[in-house]
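# Structural characterization, general
Each chain, letter by letter, is given below.
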Amino acid sequence: METFTIEGGRPLSGSLRIHGAKNAALPILAASVLADGQFHIYDVPHLKDIDVMLQILTNLGATVSHVDGCVSLETTSVSVSQVPEDLMGQMRSSIFLMGPLLARLGEVTITLPGGCAIGERRIDLHLAGLTALGAKIEEAEGYITFRAKKLRGTNIFLSFPSVGATENIMMAAVLAKGTTRICNAAHEPEIVDLQNFLNAMGAKIRGAGTDTIEIDGVERLRSVSYRVIPDRIVAGTHLLAVGTTQGHIQLSNTIPEHLTAVIQIAKSCGVEIKNRHDIMEIKSTMRPRAIDRIITSPFPGFPTDLQAQLMVFLSLARGTSVVKETVFDGRFKHVNELARMGATIHVDMGSAIIRGIGKLTGACVEATDLRAGAALVIAGLAAEGKTQVEQIHHIDRGYERLESQLTQLGAEMARLSI
Ligand code: EPZ
């Protein structure tokens, strides 16, 4: 088992390039099965979730390599319609294969996906979208098979702007007959990146980033080369880390427009942030001010994927803050771990009441999911004394060697195998 050990109390300083976005790369890699040929996808981070996606694509018949951030894919031999059960169980994002495989092969078989322990991860919106496009569902012995000779464009309303469901429907609709309109679509930047990738392949999609996305089905698509957008959640994690440790850093390869809500909140708490092209300069010289109330919501709202990191930041603020989580029902598992470090946080009816204190104390804590783990690392960086973070495989799903990133910014941190 691997753990992080952190000697806290040192402000962060230095420069770091942000790697490509996991949540853009995953659907883009899945979409590669929509065409035959050689793909080169650049700035794909070396993460566990990416490794699982590449293993799945190999099992489906593709030839893959991942060197220095570039994924090369040859998809002409993709012919298998069943996603391996053991790989489905490792990562929820394996669900992204449903739409593209159904569109390419006319059939796809999956088991219910695995993933983070952050509440109920239903897939009803994915299933409803694919059946609306004409797929027939069969369920037997824990497997779900979709079949459709030819998908047909239609209007689909999402009762919740689900990121994954929006992406799955987009990927299924690009080869359908006719036009598909997704209403109440998710607005996340990763959706826009997927639209740009598919349109580079010859698809006809418009409206990503707004409530309504329209897809005109085409006969075939072609393989392309493409670079994924920077990871806004990794950038936001480092931004909040500096606000928590009172430091001064420069992040490159950032898109500030993808972090508007986060930047506004951090500035209101006293963090200085300057943007110049893709460079974000972040400086904090004081304990943060508290926030009366912050609610997580779909983009462009404050992202649920930075809620845990914000909670650590506010646990050291002057005053009491309230954070309400509205996207996932199980995303406060980090509260108990933070309490072991002295944080005073009370959870009631989906809201966390955070009474800011002067210091956190190092402890042995456990990562319960990807972003909660990153939050505990930030807490360790700010705490007095030594912190050990266990179960760091969760963190490796979304941060490329986080210990290297943070030691580059002056942290005293190491990965230990015990
Ligand atoms: C994506 O997950 C991200 N993952 C998540 O990031 C992110 O937290 C989430 O979007 C919200 O922004 C990837 O892109 C790989 P959703 P996804 O479908 O698509 C409910 C991280 O840390 N829902 O928008 O699974 C669901 O239960 C990860 O990088 C249904 O009810 O999120 C949840 O409450 C964690 N039925 C809400 O919608 C469905 O069919 C948001 O889910 C689908 C979702």
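Cut-offs and rules
Residues numbered from 1 in each chain as written. Predicted model: local features only at pLDDT ≥ 70, side-chain atom pairs only at ≥ 80, totals over all residues. Heavy atoms only, no water. Patch = residues over 30% accessible without salt bridge, like charges linked within 9 Å, V, L, I, M, F, W, Y side chains within 5 Å. Areas by Shrake-Rupley, 256 points an atom, 1.4 Å probe, with all protein chains shown as cover. Salt bridge = Lys/Arg side-chain N within 4 Å of Asp/Glu carboxyl O. Helix = DSSP H or I, 4+ residues; strand = E, 2+ residues; numbered from the N terminus. 1 Å grid on protein atoms, 1.4 Å probe; cavity = no way out; pocket = protein on both sides within 12 Å on 5 of 7 lines; lining within 4 Å. Points joined across faces, edges and corners; volume = space filled by probe spheres on them. Nonpolar A, V, L, I, M, F, W, Y, C, P; charged D, E, K, R; others polar. Buried < 20%, exposed > 50% of the residue type's maximum accessible area, 1.4 Å probe, protein only. Lys, Arg positive; Asp, Glu negative; His and termini not counted. Polar contact = N/O pair within 3.5 Å; in protein donor to acceptor, adjacent residues only side chain to side chain. Contact = heavy atoms within 4.5 Å. Pairing = 2+ DSSP bridges. Axes fitted to C-alpha atoms, helices over the stretch in contact; angles between N-to-C directions. Phe/Tyr/Trp six-rings, centres within 6.5 Å; stacked < 30°, edge-to-face > 60°. Parallel < 35°, antiparallel > 145°, perpendicular 65-115°, else oblique. Left-handed = near helix turned anticlockwise from the far one by under 90°. Domains from an automatic or database assignment. Buried area = accessible area lost by both parts, 1.4 Å probe. Core = buried A, V, L, I, M, F, W, Y, C linked by side-chain atoms within 4.5 Å.

Now for a nonpolar patch on the surface. A cluster of nonpolar side chains, contributed by Met1, Leu416 and Ile418, occupies part of the molecular surface with about 300 Å² of accessible area. Summarising the element assignment, Met1 is placed in the segment before strand S1 (2-7).

Enumeration over the complete set of coordinates arrives at four cavities of 30 Å³ or more. When its volume is computed, the largest cavity comes out at roughly 60 Å³. Arg232, His258, Leu259, Thr260, Ala261, Val262, Phe299, Pro300, Gly301 and Pro303 are the residues that line the largest cavity. Tallying contributions element by element places helix H9 (residues 260-268) first for the lining of the largest cavity, with three residues. Across the lining of the largest cavity, the residue classes break down as six nonpolar, three polar and one charged. Of the voids in this model, the second largest cavity is the one considered here, and its volume is about 40 Å³. Every residue along the wall of the second largest cavity is listed here: Ile18, Pro230, Asp231, Arg232, Ala235, Asn253, Thr254, Ile255, His258 and Leu259. Of the residues belonging to the lining of the second largest cavity, the class tally is five nonpolar, three polar and two charged.

Inspection of the secondary structure assignment puts Asp231 in the loop between strand S13 (225-227) and helix H8 (232-245). One buried charged residue, Asp231, remains without a salt bridge, the closest side chain of opposite sign being Arg371 at 5.1 Å. Within the structure, the side chain of Asp231 is placed 3.2 Å from the backbone nitrogen of Lys22, a separation counted as a polar contact. The residues contacting Asp231, other than those within four sequence positions of it, are Ile18, His19, Gly20, Ala21 and Lys22.

The next point concerns the sheet that holds strand S18 (residues 320-324). The four strands lie next to each other as S17-S18-S20-S19, forming an open sheet whose pairing is mixed. Every interior strand has two partners, whereas the edge strands, strand S17 (294-295) and strand S19 (344-348), have only one. Strand direction decides the pairing type here: S17 and S18, joined by two bridges, are parallel. When the sheet's bridge partners are listed, Ile295 is paired in S18 with Lys324. Running over the sheet, helix H10 (residues 307-315) touches S17, S18, S19 and strand S20 (351-355) and is turned about 25° from S20.

One pass over the structure, following the stated rule, counts two aromatic pairs. Between Phe39 and Phe197, the ring centres sit 6.2 Å apart and the planes meet at 40°, which makes this aromatic pair tilted. Highlighted residues: Phe39 in strand S3 (residues 38-42) and Phe197 in helix H7 (residues 189-200), separated in sequence by 158 residues. With relative accessibility at 0%, the residue Phe39 sits in the buried group.

Reading across from one edge, S2-S14-S16-S15 is the order of the four strands in this open sheet, with mixed pairing throughout. Lying at the two open borders of the sheet, with one neighbouring strand each, are strand S2 (13-17) and strand S15 (272-276). Taking the axes of each pair of neighbouring strands and ignoring which way they run, one obtains an average angle of 15° across the sheet. Sheet analysis places S15 next to strand S16 (residues 279-283), joined by five bridges and oriented antiparallel. Opposite Asn275, over in S16, you have Met280 as the bridge partner. Against the sheet, H8 contacts S2, strand S14 (248-252), S15 and S16, and its axis sits at roughly 170° relative to S14.

Attention now moves to the packing of helix H4 (residues 98-105) against helix H5 (residues 124-132). H5 packs onto H4 with a crossing angle of 20° between their chain directions and a minimal axis gap of 11 Å. Between H4 and H5, the crossing angle belongs to the class labelled roughly parallel. As H4 packs across H5, the resulting crossing turns out to be right-handed. On H5, the residues touching Met98, Gly99 and Leu102 of H4 are His126, Leu127 and Leu130.

The next subject is the domain arrangement of the protein. With domains assigned, the protein is organised as domain 1 (2-19 + 230-417) and domain 2 (22-227). Computed from C-alpha atoms alone, the centre-to-centre distance between domain 1 and domain 2 is 30 Å. In this assembly, 26 residues from domain 1 lie in contact with 24 residues from domain 2. Here domain 1 and domain 2 share an interface that buries about 2000 Å² over both sides, 54% of which is from carbon and sulfur atoms. Linking domain 1 with domain 2 are three salt bridges, by the criterion used here. Among the ionic pairs, Glu190 bridges to Arg232, the shortest N-O distance being 2.8 Å. Inspection of the domain 1/domain 2 interface yields eight residue pairs in polar contact (both at pLDDT 80 or more). Elements that contribute at least two residues to the side of domain 1 that touches domain 2 include exactly helix H12 (370-382) and helix H13 (393-396). A per-class count over the side of domain 1 that touches domain 2 returns seven nonpolar, seven polar and 12 charged.

With 78 residues, the main nonpolar core has Leu29, Ile41, Leu57, Leu97 and Leu198 as its most contacted residues. Not counting chain neighbours up to four residues away, the residues in contact with Ile41 comprise Ile28, Leu29, Gly69, Cys70, Val71, Leu73, Phe197, Tyr226 and Val228. Counting 68 residues, the second largest nonpolar core, distinct from the first, contains Leu16, Ala308, Ala352 and Ile392.

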